[in-house]
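Examining the three-dimensional arrangement
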Amino acid sequence: MPRFMHFSDTHIGYRSLVIEEREQDFYDAFHEAIDIALENSVDFVIHTGDLFDTWIPGNRAIKEFRNGIMKLNAKNIPFFSIFGDHDRPRRNGEPAAGIFDFLGVHAMGRDQFEYTVRRFSGEDVLIGGISNMKGYMKPSFMEVYRKAYSVEEGYKNRVIMSHQAIDPFFVPEQCEAKLNDLPLKSSYIALGHLHDFMERRAGPLISYAGSTEIKSENEINGFRKQGKSVNIVDISNGDADLTRIRLKSVRPQLKVQSDAESYIEDIRRSISSMKNDGNEKKPMISLEIHGDISMETVMQEISQFDNVIFSRPKIKKDATIPTIRTESADLRDYFSAYLKDERLADLAIKIMKHTKSSDLEGIMKEIEVLYIDNRQDTPD
């Protein structure tokens, strides 16, 4: 039975201008993922995009990637990847991962659907890739998906990689395709781009493996619920089964929203609520304070916490802390919370929908309607 590892959005080489340790965190997670592949005796590894944080990574990022690939190559484990929106080369650029083809790295699907058929553990496996397609590639995106669908005929074990936001896994307004657009005759559809783990069966087994480190504070709630992980997938006779293995090297992160009077107490409470899972890294806190307080005061007061790392605090003079239910929040919740005007929130959503189709006339009509409504609501 063929076995492979699916991981994604490693963003190797990510740098924080404030916290030097963060670059190392992304290397640690990448190498732990490689070690998990070796420990689980996989036949091959797939990566679904944003391997590097930029399409022109620094020398250290390339070196760390090389070191990980050399460990796989020593066990004759090939590495198949596609490009995400971060690491897709420019039209005339060369992919950084491509220089390691002699170590078994196969960068696929740059401008069209590409596939290969390999034999692992006595069974043939079709491995295909569709990279992130934006900008000049967007008009041909759906045609590429149709090509992937048609080429699958005749193969039982079909693994298709794609780096896109898919409805209903994410907010529809920010998605580039829908579930039914995917090549659903596959055995396993490996997705990248979203940083949280997701899984669904819709004929094939479909999964976002999620990122291997926390890159944005928007990922903190998801991390606290389910951690960061890689997927170990067994595939045979067209069926795929997934085992999720949690990464232990990920730096713990907390998000604290408070006011100018209570934030120190809330920081202490949040730190004490953290579970000790054996991770020796100092936790990082994303702090947002609502109220009238100076950055100098905040920086001085949080210096007492030598057992945590703070990203640069955010200070909002409005003393009201927006309450958003993250489990069910959509874009309109965020627009409404920060614009503090229901009609403006509706307008923002409508403009976004028109923008997706470049409907400038529609945008102007929506703005005109809002303007007329405001005039009618204004007393003479």
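Let us look at the structure shown here. (Residues numbered from 1 in each chain as written. Predicted model: local features only at pLDDT ≥ 70, side-chain atom pairs only at ≥ 80, totals over all residues. Heavy atoms only, no water.)

**A word on the packing of helix 1 (residues 21–39) against helix 2 (residues 59–74)**
- Packing of helix 1 against helix 2 leaves a shortest axis separation of 9 Å and a crossing angle of 10°. In terms of axis orientation, helix 1 runs roughly parallel to helix 2. Contacts between helix 1 and helix 2 pair E23, Q24, Y27, F30, H31, I34, D35, A37 and L38 from the former with R60, A61, E64, F65, N67, G68, K71 and L72 from the latter.
- Broken down by class, the residue content of the contact of helix 1 with helix 2 amounts to eight nonpolar, four polar and five charged. (Axes fitted to C-alpha atoms, helices over the stretch in contact; angles between N-to-C directions. Helix = DSSP H or I, 4+ residues; strand = E, 2+ residues; numbered from the N terminus. Parallel < 35°, antiparallel > 145°, perpendicular 65-115°, else oblique. Contact = heavy atoms within 4.5 Å. Nonpolar A, V, L, I, M, F, W, Y, C, P; charged D, E, K, R; others polar.)

**Digging into the nonpolar core**
- M5, F7, V45, F65 and F79 are the most contacted members of the largest nonpolar core, which totals 31 residues.
- Among the elements of the structure, strand 1 (3–7), helix 1, helix 2, helix 4 (220–226) and strand 13 (229–236) are those that each provide at least two residues to this core.
- In this view, F7 contacts F30, A33, I34, V45, I46, H47, T48, F79, A209, T212 and V230; residues no more than four positions away in its chain are not counted.
- Listed in part, the 21 residues of the second largest apolar core include L126, M133, C175 and A177. (Core = buried A, V, L, I, M, F, W, Y, C linked by side-chain atoms within 4.5 Å. Buried < 20%, exposed > 50% of the residue type's maximum accessible area, 1.4 Å probe, protein only.)

**Describing the side chain of S270**
- Here S270 lies in helix 5 (residues 263–273).
- Accessibility expressed as a relative area gives 18% for S270, which makes it buried.
- The residues contacting S270, other than those within four sequence positions of it, are L254 and V256.

**Side note on the sheet that holds strand 1**
- Here we have six strands laid out as an open sheet, ordered 4-3-2-1-13-14, and mixed in their pairing. The open sheet has two edge strands with one neighbour each: strand 4 (105–107) and strand 14 (239–246). Strand-to-strand, the axes of this sheet are offset by a mean angle of 20°, without reference to chain direction.
- Looking at chain direction, strand 13 and strand 14 are connected through eight bridges and run antiparallel. Across the sheet, I235 pairs through a bridge with A240, a residue of strand 14.
- In this fold helix 1 packs onto strand 1, strand 2 (44–47), strand 13 and strand 14, with an angle of close to 165° to the strand it touches most, strand 1.
- Along the sheet face, helix 2 touches strand 2, strand 3 (79–81) and strand 4 and points at about 130° away from the line of strand 3. (Pairing = 2+ DSSP bridges.)

What is shown is where atoms sit, not what they do.
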